[in-house]
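Reading the structure
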Amino acid sequence: MLGILLVRNAWMFSVPVYEDADMGAYSIQVEQARRFALLVGNYSREKFNHPGPAFLYVQAWGEDLFYGLLRVVPAAWNGEVVGLYLLSSFFAACVAVIGWRWGGMRTGLVTLGVVGLCGALHPSAFSSDWMPYEYVPAYLAFLVSVASVAGGRTRDSWIAALSGWFLIHGHVCFLLFVPLLGLGAVAARLVPHLRRRAWPRPRRLVWLPVAVISAVFALPIAGELVLHWPGNFAKYFAYSDSARSGGHPAAQVADYALWFWWPHAGAWAIAAVLVLAAAVAAWRMPAGRVRRFCLALLAVNAGSTVAFLGYTATGIDELNQYYIGYFYWSAPVIMLLVLLVALAELLAARRPGAGPAGAGVGVAVGVPLALALAGCTAFAVAPQTRLSTDHADPGDPAATGPVADPSLPAGVARIAALAAGRYAVLSFPHAAWPAITGILVQAERTGVPACVADPAWEFMLTSQFICTRKEIAGGRRFSVWAPGAVPRGMPVVFRLRRGIVTDGPK
């Protein structure tokens, strides 16, 4: 997966990208993470920050390693994306390795093929650095690892802990999904012991990595709460109690969830057929550990679906915003995984003299091998596997505009020259915010003092870039406008791709 991403995006090693819009907002925080000064996650349009900065620290370390140290990429953002490619490929590898551990070569190849097909169907989930896509590989790894633990392989607990904590850091909704599904897996392991009235004794190799991972990931969240109690958690509760949160009728909730199974008419039929086929195939499988794993996947996917329906009904404000639930693409992927693993086992069981799962490369492995090659090939040739900076959401091109601007370095240099060492104090209407994030992150990287005059934008731009009274009084004022919105008579300082900089109010 990593090789495919790097080959398809080899342009990033020669073409510098200067980001704005959402990517610029992320990079503002990434620059803080490089100084270990970031304790919160990315911004939400509900004007709070998500719980933790894990994804942003990965981007920061990608920038430091590939741009700052190795100099193999020409710009900071390029290094951030390569860091995310490493992370997404790692989660994909976790899924494939868990399948391999459960059923040997045959199941491992099927699992790899399904991961490749997932990438082919939703390539931006691996190639894009937009946050709603970043959750997809992590959530798939979380569900598969939780199912593995529930099925009896407790050594995969560290994968569940790592992917689960990444999700909690990334979006507040996972404060529901991760504990609910994680506790379900723990309960599944405890029930047999309780029936025997014997308390299990977990081995150190199981609980120690989980404890270390949990401590490391809990630290920034705890630090933020100590420093700014109750911090963003108060905003989470305020949002959940507001009229914006949920309140949707059951039919709309069902339609929203079914969109992720099939974004066209008849989605209910596709979902019903896929669920029924996977359940029947798993039930017909030969008894053994692979069957137990498939049944655990079905159970975990059912729990994930129930949680997603509850979240949709009570937590999502607008049900036409599908990006909020991209991670639920995992539901049909898990069903496809169960179905294909079950079919591979049934095929192997019908072969004369068939050995145990993974016994060797024979006819029963030929089909899984072909599936693995087909899935990875499909991902390799999918158009959106090549990252585009034209839109933040390739799945909905009409929703956003370009997320990079090659003229930003020259524009910020022009602003710095006019400011002559003073703070560049920026004012802007709402429509110009995509240009503002690019200006600020480029100013930060080049040592140009800049800030915005309106404190209402702190949720996105962070307190670092909110002007103080002294900075406003002694600074050089500029206004930034969306293209086509500049008032007549305003002297233009510089034209950016998504904004026009003019002299500001005196």
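Residue positions are given per chain, counting from 1 as you read along its sequence in written order. In keeping with the model being predicted, local features are shown solely for residues with a pLDDT of at least 70 and side-chain atom pairs are shown and tallied solely at 80 or more, while totals for entire chains, interfaces and linings include all residues. As a rule here, side-chain values cover all heavy atoms of the structure and leave hydrogens and water aside.

The next point concerns the packing of helix 3 (residues 54–69) against helix 4 (residues 76–121). Orientation is described by lines fitted to C-alpha atoms, with helices fitted over the stretch in contact, and by angles between N-to-C directions that extend from 0 to 180 degrees. Helix and strand definitions here come from DSSP, where helices need a minimum of 4 consecutive H or I residues and strands a minimum of 2 consecutive E residues; each element is numbered from the N-terminal end. Between helix 3 and helix 4, the shortest axis-to-axis distance is 7 Å and the interhelical angle comes to 120°. Considering the angle they form, helix 3 stands oblique to helix 4. Crossing angle aside, the handedness with which helix 3 passes helix 4 is right-handed. Residue-level inspection shows Phe55, Val58, Gln59, Gly62, Glu63, Phe66 and Tyr67 of helix 3 in contact with helix 4, the latter providing Ala76, Gly79, Glu80, Val82, Gly83, Leu84, Leu86 and Leu87. Across the contact of helix 3 with helix 4, the residue classes tally to nine nonpolar, four polar and two charged. Orientation categories follow fixed angle ranges, with anything under 35 degrees roughly parallel, anything over 145 roughly antiparallel, 65 to 115 roughly perpendicular, and all other angles oblique. By convention, the crossing between two helices is left-handed when the near helix turns anticlockwise from the far helix through less than a right angle, and right-handed when the turn is clockwise. Here a residue-residue contact requires only that any non-hydrogen atoms of the pair lie within 4.5 Å. Put simply, Ala, Val, Leu, Ile, Met, Phe, Trp, Tyr, Cys and Pro go in the nonpolar bin, Asp, Glu, Lys and Arg in the charged bin, and everything else, Gly too, in the polar bin.

So, about the pattern of salt bridges. Criterion for a salt bridge: a side-chain nitrogen of Lys or Arg within 4 Å of a carboxyl oxygen of Asp or Glu. The final tally for this structure, using the stated rule, is 15 salt bridges. A salt bridge links Arg34 to Glu31; its shortest N-O distance comes to 3.0 Å. Placement of the pair is Arg34 and Glu31 together in helix 2 (residues 21–34), with a separation of three residues, close to one helical turn. A salt bridge links Arg34 to Asp64, with the nearest nitrogen and oxygen atoms 2.6 Å apart. With a gap of 30 residues between them, Arg34 in helix 2 and Asp64 in helix 3 connect regions that are remote in the sequence. In this structure Arg34 comes out as partly exposed when scored by relative accessible area, which is 35%. Within the structure, one salt-bridge network assembled from shared partners comprises Glu19, Glu31, Arg34, Glu63, Asp64, Glu80 and Arg445. For every residue, the accessible area obtained with a 1.4 Å probe (protein chains only) is divided by the maximum for its type, and the residue is called buried under 20%, exposed over 50%, and partly exposed between those limits.

The subject of this paragraph is the nonpolar core. Nonpolar side chains tend to gather and get buried jointly when the protein is soluble and globular. To define a nonpolar core, start from buried Ala, Val, Leu, Ile, Met, Phe, Trp, Tyr and Cys residues and group those joined through side-chain atoms within 4.5 Å. Counting residues in hydrophobic clusters, the biggest one holds 148 residues, and the most contacted among them are Phe174 and Leu461. In terms of residues, this core owes the most to one element, helix 4, which gives 16 residues. Discounting chain neighbours no more than four positions away, the residues touching Leu461 are Ile28, Phe428, Ile436, Thr437, Leu440 and Val452.

Another aspect to go through is the packing of aromatic side chains. The criterion for an aromatic pair is that two Phe, Tyr or Trp rings (for Trp, the six-membered ring) have centres within 6.5 Å, with stacked assigned to planes under 30 degrees apart, edge-to-face to planes over 60 apart and tilted to the rest. Enumeration according to the criterion identifies 41 aromatic pairs in this entry. Ring centres of Phe90 and Phe91 lie 5.7 Å apart, and the angle between their planes is 55°; on these two criteria the pair is classed as tilted. Overall, the relative accessible area of 31% leaves Phe90 in the partly exposed class. In this analysis the charged atom, NZ for Lys or CZ for Arg, is taken to sit over a ring once it is within 6 Å of the ring centre and within 35 degrees of the ring normal. Directly above the aromatic system of Tyr67 lies the positively charged group of Arg71, at a separation of 4.5 Å from the ring centroid.

Sulfur atoms of two cysteines make up a disulfide when they are within 2.5 Å. Within this structure, the stated rule accounts for one disulfide. The disulfide partner of Cys451 is Cys467, and the gap between their sulfur atoms is 1.9 Å. What sets the handedness of the Cys451 and Cys467 disulfide is the S-S torsion sign, and at about 100° it is right-handed. You can see Cys451 sitting in strand 2 (residues 450–452) and its partner Cys467 sitting in the loop between helix 18 (458–461) and helix 19 (469–474), a full 16 residues away along the chain. Neither residue differs from the other here; Cys451 and Cys467 are each classed as buried. This cysteine, Cys294, is not joined by any disulfide, and Cys118 carries the nearest cysteine sulfur, 17 Å off. Exposure remark for Cys294: the relative accessible area of 1% places this residue in the buried category.

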